[in-house]
Amino acid sequence: MFNNRIKIKTLLSGDAAGQQVTVMGWVRSFRNNQFIALNDGSTNNNLQVVVELGQLDEPTLKRITTGASLKITGQVVESLGKGQKLEVKATTLEILGDCDAEKYPLQLKNRPSLEYLREIAHLRFRTNTFGAIFRVRHALAFAIHEFFNKQGFVYLHTPIITASDAEGAGETFRVTTLPFDNPPRTAAGEIDFAEDFFGKSTNLTVSGQLEGELGAMAFSEVYTFGPTFRAENSNTTRHLAEFWMIEPEMAFYDLEDNMNLAEAFIKYLIGYVMTNNREDLEFLDQRLAEEEKQKPQAERSEMGLIEKLEFVLNNNFERITYTEAIRILLDSPAYKKKKFKYDVSWGIDMQSEHERYLVEKHFKKPVIVTNYPKDIKAFYMRLNDDGKTVAAMDILAPGIGEIVGGSQREERLEKLEGRMHDMHIPTEELNWYLDTRRYGAVPHAGFGLGFERIVLFVTGMTNIRDVIPFARTPKNCEF
RNA sequence: UCCCGAAUAGCUCAGUUGGUUAGAGCAUCUGACUGUUAAUCAGAGGGUCACAGGUUCAAGUCCUGUUUCGGGAGCCA
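Since we're looking at a predicted model, the values are computed, not measured.

### Focus: the protein's contact with RNA strand B
Around RNA strand B there are 50 residues in total, and Asn32, Lys109, Thr236, His239 and Arg453 lie nearest to it. Those atoms of RNA strand B that come within 4 Å of the protein belong to sugar or phosphate at a rate of 51%. Between RNA strand B and serine 29 there is a distance of 2.8 Å, counted from a phosphate oxygen to a side-chain nitrogen or oxygen. Isoleucine 403 places a main-chain nitrogen or oxygen 2.7 Å from a sugar or linking oxygen of RNA strand B. When residues of the surface near RNA strand B are traced back to their parent elements, those giving at least two are β1 (20-31), β5 (86-97), α3 (114-119), β11 (242-251), β15 (401-408) and β16 (444-450). For the surface near RNA strand B, the per-class residue count stands at 12 nonpolar, 22 polar and 16 charged.

### Focus: unusual backbone geometry
Notably, asparagine 33 is not glycine yet its phi reads approximately 55°, a positive angle. With respect to the element layout, asparagine 33 can be found in the loop between β1 and β2 (35-39).

### Quick look at the UniProt feature "coiled-coil region" (unreviewed entry) in chain A
Mapped onto this numbering, the UniProt entry annotates "coiled-coil region" (unreviewed entry) at residues 274-301. Split by type, residues 274-301 is 71% helix and 0% strand. Its first and last C-alpha atoms lie 20 Å apart.

### Structural notes on the pairing of strand β3 (residues 47-50)
Burial of the side chains of β3 extends over both faces: Leu47 and Val49 are buried on one face and Gln48 and Val50 on the other. Bridging between β2 and β3 involves 4 bridges; their strand directions are antiparallel. Note that in β3 the partner of leucine 38 across the bridge is leucine 47.

### Some remarks on the side chain of threonine 43
Its place among the elements puts threonine 43 in the loop between β2 and β3. In terms of polar contacts, threonine 43 uses its side chain to reach the side chain of glutamate 279, at 3.2 Å. Sequence-distant contacts of threonine 43, that is, excluding residues within four places in its chain, are made with Ile8, Lys9, Arg135 and Glu279.

### Describing helix α12 (residues 413-422)
Since the α-helix advances by 3.6 residues per turn, residues separated by three or four positions end up pointing in the same direction. Buried within α12 are the following residues: Leu413, Leu416, Arg419 and Met420. An end-on view of α12 places all buried positions within 130° of arc, on one side of the element. Exposed residues pointing more than 90 degrees away from the buried face of α12 are listed as Glu414, His421 and Asp422.

### Describing the pairing of strand β10 (residues 221-229)
The element β10 is extensively covered by neighbouring structure, given that 8 of its 9 residues are classed as buried. Pairing geometry for strand β6 (residues 154-155) and β10, over 2 bridges, is parallel. Each bridged residue has a counterpart across the sheet, and for valine 154 the counterpart in β10 is valine 222. With 9 bridges joining them, β10 and β11 adopt antiparallel strand pairing. Among the inter-strand pairings, glutamate 221 is bridged to a residue of β11, identified as methionine 250.

Thresholds applied
- Residues numbered from 1 in each chain as written.
- Chains lettered and ligands numbered in written order.
- Predicted model: local features only at pLDDT ≥ 70, side-chain atom pairs only at ≥ 80, totals over all residues.
- Heavy atoms only, no water.
- Near = heavy atom within 4 Å.
- Polar contact = N/O pair within 3.5 Å; in protein donor to acceptor, adjacent residues only side chain to side chain.
- Helix = DSSP H or I, 4+ residues; strand = E, 2+ residues; numbered from the N terminus.
- Nonpolar A, V, L, I, M, F, W, Y, C, P; charged D, E, K, R; others polar.
- UniProt positions renumbered as here; feature names shortened; annotations may be inferred.
- Buried < 20%, exposed > 50% of the residue type's maximum accessible area, 1.4 Å probe, protein only.
- Pairing = 2+ DSSP bridges.
- Contact = heavy atoms within 4.5 Å.
- Arc of directions from axis to C-beta.

Here it is as structure tokens:
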């Protein structure tokens, strides 16, 4: 600590009885004009602060409201009450910031809904649910860097503003300083981006992969972890216009190596949180169980949150080829009873219902699907010897769907140019990318993992807007 | 963007077949009590029934449009 207060988590987990301490935090509840439940965000557990009757004057007492911030000094003592081992007997109490109870929109005893809390996202961190979620989110971010650092990867910052959407990963947000009421025009009447800030049309990145590959061709192993932007009009529980993505890129890796890394990576993240955020996970586990109770029997999940995470940790991900996946679907009772809305045949891009069947009904664990038909995958994926499929791999997680998308990259120049030509991707703009295939090309692979999706999976939350502090979605850019 | 559903007090929700003055719990305020654990008990205040039209003697309730939100689908991470 760099100031003279003690964090509530430290206080509660240590043997501090008898010590004189200073604590600061926000009031969660004030009972009996005597007992303050104080929280400072270090843990969901509140510290009980006891003030003697008559110790404070009436006006001060009235200012101790839910949400008010306090500085308290006092002695740590064994609690007389049953709810907690330790409590602090206040000797001085200073109100740092008042909180008008009549106006404060976050009255915890009202059991506010997640939907309501999304509207007051600036205050929702002060709830147990969002406290737990964002401490877990932090831990996952930290674990990501720890994992790659241990493996000798270089953290590469790829650009946020780029000049092309060559990957075709989605609609982009345009970046420009041109006046939109009267932009400069070319002789042909089109907007003249030569006059723009960068002298060309630019947009926010939809992926750092192509730049990541450049780094991998020197450092062998790199990863990116940064914001990504897609201007798709997606209104779902698992899409954001601004999200965070992790994209490792490894030279000398084939598809198999790529899968091994991805699986070890996900398990590392889960394992990290299981040991370092136990209390928060237990809270989220309980929260999920409460929520499941509201659902009809048939819709309830079979496993609790912690149980699910342990299961994933202790079992290998199922690995099947696309062709096998299609065969399983065609042989499934669901298909034979015509339960699928969309038809199944080799060559289709699997629909959500198909992926859910494989993951949630058939295998009941994460599944890695490999070797997809080339026609439904991106140009940079390595063409297999059969000429029909590419060395792609998607990891599908129960309840979330696609959590990882990756592939071995096409390192053979002629084949890559051929694919780009077939898919009408201009090679001139990507000369810098093609240079990696001209000068010392090596087999390499990589994948992208949606950060918020892994946070969803680990916290058991179901709406992606609840696992990012301030969600950006179509028609919503508050805060 | 498409399909389905919703919008009533600060929050969570009821509101019957269209019928008189709009209901509850919690929160808030006032008072009581004082080792409480979402403290408890008593009382009080609090409503443009999302918005705009329409049907009707009469609309929170029926119809149309708009907005926002939720769930599902597509796009994907």
